Amino acid sequence: MLLPFFHLALMSKDNVSRKQTKTTISIYSAMGDLLSAFTSHEDILQIGWSVKEDLVCIQANGFVSLYDLSGAQINTVTLDQEIRDAKVIEGRIFNGHYGTGIAILTTSFTFYLYNNIYELKIRRLAELPFFHTAPLCWDVISSDKDTKLIVSKEDKEVAILKSLDVSYQIINHLKEELPEAITMMSLSFDFTHICFFTESGRLMLAKTENNVASHYSVFETDCKKKLKQLAWCSNDAVAVHLEDFIFFVDLNKNWLKYPTYSTVQLVQEIDCIRVVDNQCQEIIKKVESVAIEIFKIGSFSSGANLLEANRLFELQNHRADDYIRLVQDKKEMQRAVNMCLEAAGHEFNIATQKMLLRAALFGKSFTHQMDPKYFVDICQKLKILNAIRRPSVGIPLTFYQLEVLTTHGLIDRLIERRHFLLALRIAAFLKIAPEEGDIKILTKWAFFKVRQQDISEEQIANDIANKLQHYSGVSYAEIANQAIEYGRKNLAIRLLDFELKPTDQVPLLLKLKQYRIALQRAIESGDTNLIHAVILKLKDIHSPMEFIMSIREYPVAYALYQKVRGRGRDGRKTPHFSLECLM
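Residues numbered from 1 in each chain as written. Predicted model: local features only at pLDDT ≥ 70, side-chain atom pairs only at ≥ 80, totals over all residues. Heavy atoms only, no water.

Visitor: Which parts of the structure should I look at to understand the overall build of the protein?
Guide: A tally of helices and strands in the protein yields 20 helices and 26 strands. For the protein, whose C-alpha radius of gyration is 31 Å, the value lies well above the compact-globule estimate of 25 Å for 583 residues. Counting only C-alpha atoms, the protein reaches 95 × 75 × 45 Å along its principal axes. Counting all 583 residues of the protein, 50% fall into the buried class. Long-range contacts, defined here as pairs at least 24 residues apart, represent 46% of the contacts in the protein between residues at least 6 apart. (Helix = DSSP H or I, 4+ residues; strand = E, 2+ residues; numbered from the N terminus. Rg over C-alpha atoms; globule rule 2.2 N^0.38 Å. Buried < 20%, exposed > 50% of the residue type's maximum accessible area, 1.4 Å probe, protein only. Contact = heavy atoms within 4.5 Å.)

Here is the structure:
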């Protein structure tokens, strides 16, 4: 469930009166393009993204609102009465073992946990003794089935609240290592690492396993001011956001100072950290070891030698043969090719990607044991990554993020952003099965067209029919059903004219109360079960006289009805027809 995110939601609050707050939320793409904006008059305490890319907003009144990327409200979740009575003062949104969950702290200083906001099941956590003031800081650890809360108290104690057995545990050894109050903490994207920042400026990096039983190091930052932000850069380093710079500290106490020139926000990702300001967005991640081996000064690794050999070969320099022999003498040609391919995958610069791929292709001609699938896979993924990183699309995924998300997940996200053409091209490029590719994408496109209010229903129906006429697997009935949900009855009727399957068409026509059309389509299909289903529906809604008069206009339907009645008079068992399987 730990999927990468690459969009931004900004929240600003205005106090309209003492009792009313106006909250404006703007959703941007990773390239800074405004996707949507909306206003709420509720006091929103926390916002975050769910695994379904819904914007989750925790409100002080005990309600949680969900919005899509277009700013449309999807749903409002009502939390339990005891939370609404006590009011919410803090909330956390997390994506863990069970999906997207929320943790709540109320004014009574009681913690509540919901592991999945789409399947609400409340867990009231254990109450800490002598806990009568708000905690200095707290966060959620959701690396396994037992979701935990880690809480720093004013008395310098750190406690872990467990959800499965509703118990708590004081981390005594942590108090010995850090004998001062912990004012800020941060968990890595996958919840395996945690860092603590104390009031005296000490930074501790530790593992979360076994209730933070061990730590890597304690680093003295000599900063006693309150931090702006504390975040992990993958599991490799911690970013300490101070006044005008970001301080990176890794697990071995190595540090790096990164200056900032305006107000910035740090966004954790699964393998990197994003630094966002008013002008641009930068991705900071640890340089891959394979790239270091190839590009470091004076490197004699097999990958570096192969890259140099290819460079000299392109210059038609005979010394290229010397570098090839260096690799062949070590019997590492296959390893050198793989190094170049792996390094190309992690590169953002297209020119560097091409240089590494040419070197890999050059080295591949000197070995017959190379599996071409890996080369093809890298090339395909790089082509997709370069396409979605364009400013017009605005999805700056890393290679590892694409592997975690998968191409099917990427197509889903492109659909949500209405990049239907690019999604279709990627599906065709990868030769994805129509059910998960063309048909799925075009059906979602049709759903989007159905929601458009500035185009006439006739025009929408024609646009959909013209676009889908070459795709036999698309269900017009499914699109018509979506139109019914949006209250566009006439559009649904028009779309059903294009549906070729009477078994899908007739039930929806009955749902739309188009009984005569439904009967005509059933008769045209020659399916007696469908005809009987419509007859039974007509019989239910009409008086006996009106029913007879209506079906007499259709000789086939009337003959079938008479046949059924005749069998009933003879004492034979009359067949029972049910609409349940069709409606």
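Visitor: Got a minute to help me understand the environment of Met355 in this structure?
Guide: Counting through the fold element by element, Met355 comes out in helix α8 (residues 350-364). Since its relative accessible area comes to 30%, Met355 is described here as partly exposed. Taking the C-alpha atoms as reference points, Met355 and Asn310, 45 residues apart in sequence, are found 8.8 Å from one another. In this structure Met355 touches Phe295, Leu307 and Asn310, once residues within four positions along its chain are discounted.

Visitor: Looking at this structure, I do not really get the pairing of strand β9 (residues 99-106). What am I missing?
Guide: Side-chain positions along a regular strand alternate between the two faces of the sheet. Burial within β9 is extensive, with eight of its eight residues counted as buried. Where strand β8 (residues 88-96) meets β9, eight bridges bridge the pair, whose relative direction is antiparallel. When the bridges of β9 are listed, Glu90 appears paired with Leu105. Between β8 and β9, which pair antiparallel one after the other, the connecting turn spans two residues. In this structure, β9 lies alongside strand β10 (residues 111-114), joined through four bridges in antiparallel fashion. By the bridge assignment for β10, Leu105 is matched with Phe111. Between the end of β9 and the start of β10, which pair antiparallel, lie four residues, with Phe109 showing a positive phi angle near 60°. (Pairing = 2+ DSSP bridges.)

Visitor: Any chance you could explain the sheet that holds strand β22 (residues 245-250) here in plain terms?
Guide: Strand pairing in a sheet relies on backbone hydrogen bonds. The paired strands run either parallel or antiparallel. Read from one edge to the other, the open sheet built from four strands follows the order β20-β21-β22-β23, with strand pairing classed as antiparallel. Both outer strands of the open sheet, β20 (229-233) and β23 (255-259), are each paired with one neighbouring strand and no more. Within this sheet the neighbouring strands show an average axis-to-axis angle of 20°, counted without direction. Sheet analysis places β22 next to β23, joined by five bridges and oriented antiparallel. (Axes fitted to C-alpha atoms, helices over the stretch in contact; angles between N-to-C directions.)

Visitor: Which parts of the structure should I look at to understand the sheet that holds strand β18 (residues 202-207)?
Guide: Reading across the sheet, the four strands line up as β16-β17-β18-β19 and stay open at both edges, with antiparallel pairing between neighbours. Two strands bound the open sheet, and with one partner strand each, they are β16 (182-187) and β19 (215-220). Mean inter-strand twist for the sheet, computed between neighbouring axes without regard to direction, equals 15°.

Visitor: Help me understand the nonpolar core, please; the structure alone is not making it clear to me.
Guide: Soluble globular proteins: nonpolar side chains tend toward being buried together. Counting residues in hydrophobic clusters, the biggest one holds 93 residues, and the most contacted among them are Ile388, Leu410, Leu414, Ile464 and Ile479. Excluding residues within four positions of it along the chain, Leu410 makes contact with Ile384, Ile388, Leu397, Leu402, Leu405 and Ile426. Counting residues in hydrophobic clusters, the runner-up holds 32 residues, among them Leu105, Ala159, Ile182 and Ala206. (Core = buried A, V, L, I, M, F, W, Y, C linked by side-chain atoms within 4.5 Å.)

Visitor: Would you mind going over the environment of Cys340 with me for this structure?
Guide: Take Cys340: it is sitting in helix α7 (residues 333-345). For Cys340, a relative accessible area of 0% translates into the label buried. Considered as a pair, Cys340 and Glu499 are 159 residues apart in the sequence and their alpha carbons are 52 Å apart.

Visitor: What exactly am I supposed to notice about helix α6 (residues 320-329) here?
Guide: Think of an α-helix as turning once every 3.6 residues; residues three or four places apart then point the same way. For α6, every residue scored as buried is listed here: Ala320, Tyr323, Ile324 and Val327. Each buried residue of α6 lies within a common arc of 100° when the element is viewed along its axis, so the set occupies one face. Remark: Lys331 follows α6 within two positions and exhibits a positive phi of approximately 55°. (Arc of directions from axis to C-beta.)

Visitor: Before we go on, may I ask you to explain the packing of α7 against helix α9 (residues 372-388) in this structure?
Guide: Helix-helix packing is characterised by the crossing angle of the two axes and by the distance between the axes. Interhelical geometry of α7 versus α9 gives an angle of 15° and a closest axis separation of 10 Å. Here α7 is positioned roughly parallel relative to α9, judged by the angle of their axes. Seen along the crossing, α7 lies across α9 with a hand that is left-handed. Seen from α7, the contacting residues are Asn338, Leu341, Glu342, Ala344 and Gly345; seen from α9, they are Tyr374, Phe375, Ile378 and Leu382. Across the contact of α7 with α9, the residue classes break down as six nonpolar, two polar and one charged. (Parallel < 35°, antiparallel > 145°, perpendicular 65-115°, else oblique. Left-handed = near helix turned anticlockwise from the far one by under 90°. Nonpolar A, V, L, I, M, F, W, Y, C, P; charged D, E, K, R; others polar.)

Visitor: What is the right way to read the environment of Leu468 from this model?
Guide: Here Leu468 is to be found in helix α13 (residues 457-468). Judged by relative accessible area, which is 1%, Leu468 ranks as buried. In this structure, the C-alpha to C-alpha distance between Leu468 and Ala239, residues 229 residues apart in sequence, is 50 Å. Contact partners of Leu468, with chain neighbours within four places excluded, come to Leu442, Val474, Tyr476 and Ile479.

Visitor: Help me understand the packing of helix α11 (residues 420-429) against helix α12 (residues 438-451), please; the structure alone is not making it clear to me.
Guide: Across the interface, α11 lies against α12 with an axial gap of 9 Å and an inter-helix angle of 170°. In terms of orientation, α11 lies roughly antiparallel with respect to α12. Across the interface between the two elements, Phe420, Ala423, Leu424 and Ala427 from α11 touch Asp438, Ile441, Leu442, Lys444, Trp445 and Phe448 from α12. Across the contact of α11 with α12, the residue classes break down as eight nonpolar, no polar and two charged.

Visitor: Please explain the confidence of the model for the protein as it appears in this structure.
Guide: The predicted coordinates should not be examined in detail at positions where pLDDT is low. Within the protein, residue pLDDT values average 88, and 95% of them lie at 70 or more. Here residues 573-583 is modelled with pLDDT under 50, and outside its nearest four sequence neighbours on either side it reaches 17 contacts, counting other chains as well. (pLDDT = per-residue confidence, 0-100.)

Visitor: Sorry, what's going on with α13 here?
Guide: Helix length check: α13, at 12 residues, gives a terminal C-alpha distance of 16 Å against a target of 16 Å (1.5 Å per residue), a fit within 8%. Along α13, the positions that sit buried rather than exposed are Ile460, Ala461, Ile464, Ala465 and Leu468. Buried residues of α13, viewed axially, fall in a sector of 130°; they line one side. Elements that come into contact with the buried residues of α13 comprise α12, α14 (476-485) and α15 (489-496). (Expected span 1.5 Å × (residues − 1).)

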